[in-house]
Every structure is written in structure tokens, then in C-alpha cells.
Amino acid sequence: MSPSGMPRGGPPLTEAEAEDLLRCICFKTGPPRTVGVELEWLVHELRDPRLPVRPPRLAAALDTVRALPLVSALTFEPGGQLELSSRPAGSLMECLDSLAADLVAVRAALGPLGLTLSGYGVDPWHAPRGRVLHEPRYDAMETALARTGPAGRAMMCESASVQVCLDAGLEEPGPLGYHRRWQLAHLLGAVLVAAFANSPVHGGRRTGWRSTRQALWAELDPRRALAPPPDGEPRTEWAAHVLDTPVMCVRADEGPWAVPEGLTFREWLRTGLPRPADADDLRYHMTTLFPPVRPRGHLELRMMDAQPGPDGWMVPVAVTTAVFDDPEAAEAAYRAVKPLAELAGPGPAPRNPLWLAAARDGLADPELHAAARAVFSAALDALPRIGASEGVRRAVAAFHERYVIPGGCPADDLQVVTS
């Protein structure tokens, strides 16, 4: 069986079939109704996060968490980061409440073990972190990403994020149309990077970036972490991007997986070497692409750093959902971020000037600051309309007052003592 649960060895896939499959599965259109969240957390020593957590102790703690009856899906990243992925929820509050309950249970299980969950975009103290998970996927990933430098290992083992998943949108034009939402995601994404930047320190030293995590993604790979051109037809551009990105690995039922260098999926389809590729290989290949916005039927917004505090993660989820799914807020947000396209230029995120400014400067950049103020204003107006609780509205308003209005971000608060 393949890791996706499908039998391996299906009929070979042709290039035309692959293009058709990608166009069908990556943008599933309809009225925006559901929201999902993936939360990654660093696991630290409770009494002093500067102390290392030894791998055997971390592995034992993760086994304890695995035994919990959680609603969310529980997984672990290669460095031992804990990830909770909500089920698709019918409303913002259903999503937030379900994840919050699971987080209470996880923290209650870790506390007696002397461990805690920490919300930083990258580990401020422990770099490099060793890999805790040793599986064929991660063995292959580390080999492939190491070809372009150390950013890949740091991303795998030392980073954490808040990822928001929203429906692709309607087929027809308008503020909730999938084409508009695709464009919005790639401009608003830079604003979200800047507003929620929370990783200025890595391995005990200041890096010069407010979001070091985003800087790592920009360094990661010549193509794998890039967005396709955002101005073309989304299905066509994404299909071409997937097929023209090198495969990270060729899976095998036994032994280590092959890690070819420079073999695009299109070339694999055309040559049939080192073995014919099938539909499950294509689906797996898509999981090895890490653009800031990944279409998986829905849109997966992957650009925000993990947030401080037990409930800080709720603010980016609420803001993002509000300005995507409320039509009035979506239109206001699009008008606010559209001028940023000139700063972005023709290059893809996250390597273009707009995204690099967001990661380096946060809301100290005047154009991003102006856009963020308008976006947060639209979100605050929309939150009551999408059913946000009073507590969530207060949290967003407090973040707006503390960071957005003066042009700051959580990174500005982080003071790390290394000795």
C-alpha cells in the first residue's frame, strides 16, 4: 500500500491525464462554507525552554499525547513539533472551539511530564535540532532539500506555523470567486506574514528578519517552495507548476526511496523512468510542494508563524477567515492589498520584493502597514457577521490595537536570553 492508503502500481499516467487530474482536484468550486486549521507547536521544557528536551523523553511524551481521544488529527513533524489539524468545520467558531478543547487536553497531558507547547515561527534556542522521526519520506526530504543548503533541515525540524484552510470559492467572478481568492491570497499573504511575524531569533541569535521562518522558506529550494504566477488562470498555472517541479523522491515498497536530482514530474511521465508514474505518485508529489498557498481542492494558506500564548493562534485564523469568506470584507481587503502588486513585481512569492519585505520588516514597511490597517478594519467589521464570539472579537481588537495600529508584530516583543 502507498502512504496515501491506495494500492501502488496503478496504470501508468499520461501527461494529458495528469493535467486533467490536476485541474479537477486542486480547485473544487462552490460557496465558501468550511474552515480548517493546522497548528504546529514546538515542544519545550516547561521550567526553562532553553533546556534541551532529549529525544527519548520527547518520544515518550509524544506517545502519551497519541493516546488522547482528540477530535483533531494529531501528527508530528520531523523535529518533534506537534501538529493538530482540525476537521473541516461549518463555521469559524466550530473550528476554534474544537481545536481549543483539544489543545487543553494536550497541554494537560504534557504538563505533568514537565513539557509545554511553545508558539514561535522558529525555535529561538535550539538550532540545529536533530530529527526525531526517521521515515523514508523524511530521509528523502532531508537529502533533497540539503542540496540547496541548511534551510530545508531548519524548516523540517525547527519551524512551526498557523495554517488556515478555506474553500476555493465560487466558479463565477466576484469577491468570492476562486480566481479572485487566488489573487487575494498571494497579496494578502504578505500582509499576514508581516502582521503575525514571530520568529526574529533562531538558535539564540537575532537573524535580522522578523519572520525567520518565512526567510527559510524563501531560501528552501529553487522551485519547490515557490508560488506559480498569480495572474494567470489558476488551474492552468498550478497544473504546469506541479508538473514542472522536480520530484522530491520516488517511493519504493522496500529500502530507501530514490532521490533523483532535477527530474521533473513531466519528464518522469514522458520517460517512464526510473519506473512508470501513476495517479497516486502525482498526488504524493503534490504533498512535497510547499508554496505559501497550496490548492488542495481548498486553499491552504501556509505563511503565518506560530503565535505566542495559549490562544494567540485564534487571531490569524479569525482575521483570515473574515476577509476571505465575508463578501464585503473580501472586497475591502482586495482593494487594500491590490496596490501591493506593484511592489511584488513579476516574481513569484515568497521570493519577490513584497514577500521579502514582509518577512524582514513586518509592518514597519509603510505599504504593508497601510494595507494591514485596512485589512484588520474590514475583518473587525466582518467578525460579527460570520458569528465570531465576543471573546474572539476582543482578541482581534486587542491585537489590532497593540500591533497593527502602531506598525508592530509579535516579533518585536521577543526577548530571548541565551545564558
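Residues numbered from 1 in each chain as written. Predicted model: local features only at pLDDT ≥ 70, side-chain atom pairs only at ≥ 80, totals over all residues. Heavy atoms only, no water.

Caption draft 1: Structural context of the overall build of the protein. A tally of regular secondary structure across the protein gives 16 helices and nine strands. Its C-alpha atoms give the protein a radius of gyration of 21 Å, near enough to 22 Å, the size a compact globule of 419 residues would have. Taking the principal axes of its C-alpha atoms as reference, the protein extends roughly 55 × 55 × 40 Å. Within the protein, the proportion of its 419 residues that are buried is 57%. Here the contacts in the protein between residues at least 6 apart in sequence split such that 76% fall between residues at least 24 apart. Approximately 16,400 Å² of the protein is accessible, and the part contributed by carbon and sulfur atoms is 56%. (Helix = DSSP H or I, 4+ residues; strand = E, 2+ residues; numbered from the N terminus. Rg over C-alpha atoms; globule rule 2.2 N^0.38 Å. Buried < 20%, exposed > 50% of the residue type's maximum accessible area, 1.4 Å probe, protein only. Contact = heavy atoms within 4.5 Å. Areas by Shrake-Rupley, 256 points an atom, 1.4 Å probe, with all protein chains shown as cover.)

Caption draft 2: Seen up close, the confidence of the model for the protein. When pLDDT is averaged along the protein, the result is 94, and 97% of the positions lie at 70 or above. Note on residues 1-7: pLDDT under 50 across the span, and 13 contacts to partners over four residues away in sequence or across chains. (pLDDT = per-residue confidence, 0-100.)

Caption draft 3: Representation of the pairing of strand 2 (residues 73-76) within the structure. Sheet analysis places strand 2 next to strand 3 (residues 82-85), joined by four bridges and oriented antiparallel. In the strand pairing of strand 3, threonine 75 is matched with glutamate 83. The antiparallel hairpin formed by strand 2 and strand 3 contains five residues in its connecting segment, where glycine 80 sits at a positive phi of about 95 degrees. (Pairing = 2+ DSSP bridges.)

Caption draft 4: Broad picture of the packing of aromatic side chains. Going through the model one piece at a time under the given rule, you end up with ten aromatic pairs. Taken together, a centroid distance of 5.2 Å and an interplanar angle of 80 degrees make the contact between phenylalanine 27 and tryptophan 182 edge-to-face. Highlighted residues: phenylalanine 27 in the loop between helix 1 (15-25) and strand 1 (35-45) and tryptophan 182 in helix 6 (residues 178-195), separated in sequence by 155 residues. Given a relative accessible area of 0%, tryptophan 182 falls into the buried group. Chaining the aromatic ring pairs together yields one cluster made of Phe196, Phe376, Phe399 and Tyr403. Lying over the aromatic face of tyrosine 334, arginine 180 brings its terminal NZ or CZ to 3.9 Å of the ring centre. Above the face of the tyrosine 178 ring, arginine 235 is positioned so that its terminal group lies 4.5 Å from the ring centre. (Phe/Tyr/Trp six-rings, centres within 6.5 Å; stacked < 30°, edge-to-face > 60°. Lys NZ or Arg CZ within 6 Å of the ring centre and 35° of its normal.)

Caption draft 5: Representation of the nonpolar core. Core analysis: the biggest nonpolar cluster contains 125 residues, and Leu82, Leu188, Leu282, Trp313 and Leu368 have the highest contact counts within it. In this structure leucine 188 touches Val323, Phe324, Val337 and Val375, once residues within four positions along its chain are discounted. In this structure, Tyr120, Ala160, Val201 and Ala306 belong to the second largest nonpolar core, which totals seven residues. (Core = buried A, V, L, I, M, F, W, Y, C linked by side-chain atoms within 4.5 Å.)

Caption draft 6: Representation of unusual backbone geometry within the structure. The omega torsion across alanine 127 and proline 128 is 5 degrees, close enough to zero to call that bond cis. Going from leucine 273 to proline 274, the amide bond is cis rather than trans, its omega being 10 degrees. Examined against the element boundaries, proline 274 turns out to sit in the loop between helix 9 (265-271) and helix 10 (279-287).

Caption draft 7: Up close: the pairing of strand 1. Strand 1 sits mainly inside the fold: eleven of its eleven residues count as buried. Alignment of strand 1 against strand 5 (residues 161-167), held across five bridges, turns out to be antiparallel. Pairing of valine 35 across the sheet is with leucine 166, part of strand 5. As defined by bridge partners, strand 1 adjoins strand 4 (residues 115-118) across four bridges and the pair is classed as antiparallel. Opposite glutamate 45, over in strand 4, you have leucine 115 as the bridge partner.

Caption draft 8: Structural view of the packing of helix 11 (residues 314-325) against helix 16 (residues 390-404). Relative to each other, helix 11 and helix 16 sit at 95 degrees, their axes nearing to 9 Å. Between helix 11 and helix 16, the interaxial angle falls into the category roughly perpendicular. Side by side, helix 11 and helix 16 meet where Val315, Ala318 and Val319 of the first sit next to Val392, Ala395, Val396 and Phe399 of the second. Tallied by class, residues from the contact of helix 11 with helix 16 come to seven nonpolar, no polar and no charged. (Axes fitted to C-alpha atoms, helices over the stretch in contact; angles between N-to-C directions. Parallel < 35°, antiparallel > 145°, perpendicular 65-115°, else oblique. Nonpolar A, V, L, I, M, F, W, Y, C, P; charged D, E, K, R; others polar.)

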